[in-house]
Amino acid sequence: MVALRERRRLQRIERNSKKPFVDRLQDEVEDQQDAFLLDPGMGPMTYITADGRVLFDDRSFDDRSFDGEALREATDDEAIAALVVGAKKTGINALLELIPVQPLHSLECPACTGGRWTSLPGYQRDAEFVCFLCRGRGWADQAMLDKAAALGTWPPRET
Ligand SMILES: [Zn+2]
């Protein structure tokens, strides 16, 4: 029995060593952080933990620049965008319920009209991005509008 168990253990190690790097990262983060992969993504792999934190694994994004800080907690904007993308990719719409509801002093986002997604002129018609103004909230407050105005991204320029 012991020999069988040891053999199984060695087989598991061998199997794991053959898994692609990103699959091993996913196993490690999901096990250690009690997390679920939201977005294998074009950018860093994104997870949500059982207690509602959004984590980015920068090792999966650019292994060469990895400097030891593997996992980091997303900023509010990053976390909301990750939840919006995660809901679309996984089909789990309950993820959207984790996004803060529209505060009284805010208004429906004028860039996406509350839809959370925008398309950019010049890109193919089906290419949609998480809204650049509200970052997927669907609403905007004065600070967000002021920031977009300072960056020149909103309101759109007359052509
Ligand atoms: Zn928006």
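For the structure given in this document, a descriptive report is provided here. (Residues numbered from 1 in each chain as written. Predicted model: local features only at pLDDT ≥ 70, side-chain atom pairs only at ≥ 80, totals over all residues.)

1. Side note on helix H4 (residues 142–151)
Phase 1: Burial within H4 is sparse, with just 0 of its 10 residues counted as buried.
Phase 2: Positive phi appears at glycine 152, one or two residues downstream of H4, with a value of about 80°. (Buried ≥ 20, exposed ≤ 12 C-beta atoms within 10 Å, placed from the backbone. Helix = DSSP H or I, 4+ residues; strand = E, 2+ residues; numbered from the N terminus.)

2. Overview of unusual backbone geometry
Phase 1: The peptide bond linking tryptophan 154 to proline 155 adopts the cis configuration, its omega dihedral lying at 0°.
Phase 2: Structurally, proline 155 can be placed in the segment after H4.
Phase 3: At threonine 113, a position not held by glycine, the phi torsion is positive, near 45°.
Phase 4: One can find threonine 113 in the loop between strand E5 (107–108) and strand E6 (117–119).
Phase 5: Although it is not a glycine, arginine 116 adopts a positive phi angle of roughly 75°.

3. Structural notes on the environment of alanine 79
Phase 1: Locating alanine 79 in the fold gives a position in helix H3 (residues 76–90).
Phase 2: Along the chain, alanine 79 and leucine 55 lie 24 residues apart, while their C-alpha atoms are 8.0 Å from each other.
Phase 3: The contacts of alanine 79, once residues within four sequence positions are left out, are Val54 and Ala74. (Contact = placed C-beta atoms within 7 Å.)

4. With respect to the sheet that holds strand E4 (residues 71–73)
Picture the strands of a sheet paired through backbone hydrogen bonds; they go either parallel or antiparallel.
Phase 1: Spatially, E1-E2-E3-E4 is the arrangement adopted by the 4 strands of the open sheet, whose pairing is antiparallel. For this open sheet the edge positions go to strand E1 (35–39) and E4, each flanked by a neighbour on one side alone. When the angles between neighbouring strand axes are averaged without regard to direction, this sheet yields 35°.
Phase 2: Note: strand E2 (residues 45–49) against strand E3 (residues 54–57), 4 bridges, orientation antiparallel. From the neighbouring strand, tyrosine 47 faces E3, where its bridge partner is leucine 55.
Phase 3: Most of the contacts of H3 go to E1, to which it runs at about 80°, and overall it touches E1, E2 and E3. (Pairing = 2+ DSSP bridges. Axes fitted to C-alpha atoms, helices over the stretch in contact; angles between N-to-C directions.)

5. With respect to helix H1 (residues 2–18)
In an α-helix, one turn spans 3.6 residues, which is why side chains three or four residues apart end up on the same side.
Phase 1: Taking 1.5 Å of rise per residue, 17 residues should cover 24 Å, and H1 covers 25 Å from first to last C-alpha, within 8% of that figure.
Phase 2: Of all 17 residues that make up H1, 0 are buried, and the element is exposed over most of its length. (Expected span 1.5 Å × (residues − 1).)

Everything listed is a geometric property; what it means functionally is a separate question.
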